[in-house]
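# A closer look at the structure
Next come the chains, spelled out residue by residue.
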Amino acid sequence: MTKEFSVQTIVTILKRVLPADSGTLALHEPSFEGNEWLYVMECLDSGWVSSAGKYVDRFEQMLREYTGVKHAVAVVNGTAALHICLKLVDVQPGDEVLIPALTFVATANAVHYCGAIPHFIDSSRQTLGLDPVKLEEYLQEIADVRKDGCWNRRTGRRIKAAVPMHTFGHPVDLDALAAVCQRFRLELVEDAAESLGSFYKGKHTGHWGKVSALSFNGNKIVTTGGGGAILTNDEALGRLAKHLTTTAKVPHAWAYYHDMVGYNYRLPNINAALGCAQLEKLPQFIERKRALVEVYRQAFADVESVQVFTEPPFAKSNYWLQTLLLDERCADYRDELLDATNLAGIQTRPAWTLLHRLPMYEECPRMDLEVATMLEKRIVNIPSSQKLTITSIF
Ligand SMILES: *Cc1c(COP(=O)(O)O)cnc(C)c1O
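Please read all numbers here as calculations on a predicted model, not as lab measurements. (Residues numbered from 1 in each chain as written. Predicted model: local features only at pLDDT ≥ 70, side-chain atom pairs only at ≥ 80, totals over all residues. Heavy atoms only, no water.)

### Overview of the sheet that holds strand S14 (residues 322–326)
Here four strands make up an open sheet; going across it, the order is S12-S14-S16-S15 and the pairing antiparallel. Each edge of the sheet is formed by a strand with only one pairing partner; in this case those strands are strand S12 (306–308) and strand S15 (349–350). Here two bridges tie S15 to strand S16 (residues 379–382), and the two strands are oriented antiparallel to one another. Across the sheet, Pro 350 pairs through a bridge with Val 380, a residue of S16. (Pairing = 2+ DSSP bridges. Helix = DSSP H or I, 4+ residues; strand = E, 2+ residues; numbered from the N terminus.)

Right under this line is the structure:
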């Protein structure tokens, strides 16, 4: 029997399937169940807590092995990773960079740090990320492809790169986007901050971009406290990424010589130690997240006007954040639902405010953002921690 939509119905279902919590049940909590204590303690005991030590190398090697991408450079956070990714593909001041309007603000900020201008693109209902079909049609309309790259006819600026983001862990249609980028001479950079453990057509995300960025912030699927990484299959870019993120110091036994303006973006050893222990658990985390979406799917199966978002057919997602999509006619109840769930001790949140509506980005170029606007009104993220499927009673 189908149940009619009401805010109360949703709260009741969430209460039923989620474990009782004395405080507030968080949207996403990290799990430390493995060697975290051991590895971090070893850093403290040995004194190697900062910018030298074995865990950074080990963490980078584990990332390479897990993702299959040939080079991984660990950095202080995902935003720094994105910043360097854009530098690596030579985004210059005054360039435009195509990014989704529906993403975390870091994607746009990294573009701004390069002196470049974010240019907002619409999303696809199927992936929640950049829509390759709409992007292609739009570029046909506004862009000229010349020998020296892609130019925006309307603004007179070069469009240098596109940065798709794998929303809540769900991969965008990478083959289609890569084809568009190739046709329009755009560099492809993946904001894979949310998609560690997500695969597109059997291959880990992060392979399609010339360079890609990961994040290990406290709320991501794997955390180093704060941290990020740059991935690339290009050896020269991998070396340059390491150089740029370690103050561009030329290796020497005692001399301090720097040959570029570099960044102090290296991940400290103590954070990498935490990351090594977390990566050992990643396959288990993903299994639990994929079990959780099944629980939610069953729980909401017969509720009208609410869908549990599931991965596109070409993807195997890490389901980093679980997502309810309200039907158009229920979108008006979104805020009421957010209030009621948070009041009931179940942390939920809406999607990010679309970036073109933030004061610092409202003058930036953008296409028609119909789908992103619709998604923004209808997305509600619900508790997603990996621990939920072990402690609860289903
Ligand atoms: C988390 C995240 C980042 C980077 O975040 P940091 O907190 O700097 O590690 C970038 N883009 C997206 C889409 C993210 O979700």
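### Side note on the pattern of salt bridges
Scanning all chains against the criterion turns up 20 salt bridges. Here Glu 33 and Arg 288 are joined by a salt bridge, their closest N and O atoms 2.9 Å apart. Highlighted residues: Glu 33 in the loop between helix H1 (7–17) and helix H2 (36–46) and Arg 288 in helix H9 (residues 269–300), separated in sequence by 255 residues. Between Glu 141 and Arg 154 there is a salt bridge, and its shortest N-O distance comes to 2.9 Å. Residue Glu 141 is found in helix H6 (residues 132–142), and its partner Arg 154 is found in the loop between strand S5 (149–152) and strand S6 (158–162); the two are separated by 13 residues along the sequence. One salt-bridge network, in which partners are shared between bridges, spans Asp 122, Lys 134 and Asp 368. (Salt bridge = Lys/Arg side-chain N within 4 Å of Asp/Glu carboxyl O.)

### So, the domain arrangement of the protein
For the protein, the assigned domains are domain 1 (7–31 + 281–392) and domain 2 (36–278). Each of domain 1 and domain 2 has a C-alpha centre, and these two points are 25 Å apart. Taken together, the contact between domain 1 and domain 2 spans 46 residues of the former and 52 residues of the latter. When the shortest N-O distance is used, the salt bridge between Lys 134 and Asp 368 registers 2.9 Å. (Domains from an automatic or database assignment. Contact = heavy atoms within 4.5 Å.)

### Regarding the site of the ligand
Around the ligand sit 15 residues in total, of which Gly 78, Thr 79, Glu 194, Ser 215 and Lys 220 are the nearest. In the environment of the ligand, an oxygen atom lies 2.7 Å from a nitrogen or oxygen atom belonging to the side chain of Ser 215. In the environment of the ligand, an oxygen atom lies 3.2 Å from a nitrogen or oxygen atom belonging to the side chain of Lys 220. In isolation the ligand has 380 Å² of accessible area, and contact with the protein removes 92% of it. Considering each element in turn, the shell around the ligand owes the most residues, three residues, to helix H4 (residues 78–88). (Near = heavy atom within 4 Å. Polar contact = N/O pair within 3.5 Å; in protein donor to acceptor, adjacent residues only side chain to side chain. Areas by Shrake-Rupley, 256 points an atom, 1.4 Å probe, with all protein chains shown as cover.)

### Topic: the sheet that holds strand S9 (residues 203–204)
Here we have three strands laid out as an open sheet, ordered S9-S8-S13, and antiparallel in their pairing. A strand with exactly one partner marks an edge of an open sheet, and here the two such strands are S9 and strand S13 (315–316). Note that strand S8 (residues 199–200) and S9 share two bridges and pair antiparallel. Residue pairing across strands places Tyr 200 opposite Lys 203, the latter belonging to S9.

### Description of the pairing of strand S11 (residues 228–232)
The buried fraction of S11 is high, at five of five residues. Burial of the side chains of S11 extends over both faces: Gly 228, Ile 230 and Thr 232 are buried on one face and Ala 229 and Leu 231 on the other. Bridging between strand S10 (residues 211–215) and S11 involves four bridges; their strand directions are antiparallel. The residue bridging Ser 212 from the neighbouring strand is Leu 231, located in S11. (Buried < 20%, exposed > 50% of the residue type's maximum accessible area, 1.4 Å probe, protein only.)

### Some points on the packing of aromatic side chains
Overall, the coordinates contain ten aromatic pairs when judged by the stated rule. Between Tyr 39 and Tyr 55 the ring centres are 5.5 Å apart and the planes differ by 35 degrees, which places this aromatic pair in the tilted class. Here Tyr 39, found in helix H2, pairs with Tyr 55, found in helix H3 (residues 54–67); they are 16 residues apart in sequence, far enough to count as distant. As far as the burial class goes, Tyr 39 and Tyr 55 line up, both buried. Among the aromatic residues, ring-to-ring pairing joins Tyr 200, Trp 208 and Phe 314 into one connected group. If you follow Arg 58 out to its NZ or CZ, it ends over the ring of Tyr 39, 4.9 Å from the centre. (Phe/Tyr/Trp six-rings, centres within 6.5 Å; stacked < 30°, edge-to-face > 60°. Lys NZ or Arg CZ within 6 Å of the ring centre and 35° of its normal.)

### A short note on helix H8 (residues 235–245)
Among all positions in H8, only Leu 237, Gly 238, Ala 241, His 243, Leu 244 and Thr 245 are buried. Where H8 is buried, its residues meet strand S1 (71–75), H4, S10 and S11. Thr 247 sits one or two positions beyond H8 and adopts a positive phi of about 60 degrees.

### Focus: the nonpolar core
Among the nonpolar cores identified, the biggest contains 105 residues, and Phe 59, Leu 63, Leu 86, Val 97, Leu 139, Leu 196 and Ile 230 are the most heavily contacted of them. The element contributing the most residues to this core is H9, with eight residues. Two domains share this core, each providing at least three of its residues, namely domain 1 (7–31 + 281–392) and domain 2 (36–278). Leu 196 has contacts with Leu 63, Tyr 66, Thr 67, His 204, Leu 214, Phe 216, Ile 221, Val 222, Leu 279, Leu 282 and Asn 318, leaving out every residue within four places of it along the chain. Grouped together as the second largest cluster of nonpolar side chains are 28 residues, Phe 5, Ile 10, Val 295 and Val 306 included. (Core = buried A, V, L, I, M, F, W, Y, C linked by side-chain atoms within 4.5 Å.)

### What about the side chain of Asp 122?
The topology assignment puts Asp 122 in the loop between strand S3 (117–121) and H6. Judged by its relative accessible area of 0%, Asp 122 falls in the buried class. One polar contact links Asp 122 to Lys 134, side chain to side chain, over a distance of 2.6 Å. Among all residues touching Asp 122, those that are not within four sequence positions of it are Gly 129, Leu 130, Asp 131, Lys 134, Met 367, Asp 368, Leu 369, Glu 370, Val 371 and Ala 372.

### Structural notes on the packing of H3 against H9
Where H3 meets H9, the axes come as close as 7 Å, and the angle between the chain directions of the two elements is 25 degrees. In terms of orientation, H3 lies roughly parallel with respect to H9. Of the two possible hands of crossing, H3 and H9 adopt the one that is left-handed. Residues Lys 54, Tyr 55, Val 56, Arg 58, Phe 59, Met 62, Leu 63 and Tyr 66 of H3 form the contact with H9, whose participating residues are Asn 269, Ala 272, Ala 273, Gly 275, Cys 276, Leu 279, Glu 280, Leu 282 and Ile 286. Looking at the contact of H3 with H9 residue by residue, the class counts come to twelve nonpolar, two polar and three charged. (Axes fitted to C-alpha atoms, helices over the stretch in contact; angles between N-to-C directions. Parallel < 35°, antiparallel > 145°, perpendicular 65-115°, else oblique. Left-handed = near helix turned anticlockwise from the far one by under 90°. Nonpolar A, V, L, I, M, F, W, Y, C, P; charged D, E, K, R; others polar.)

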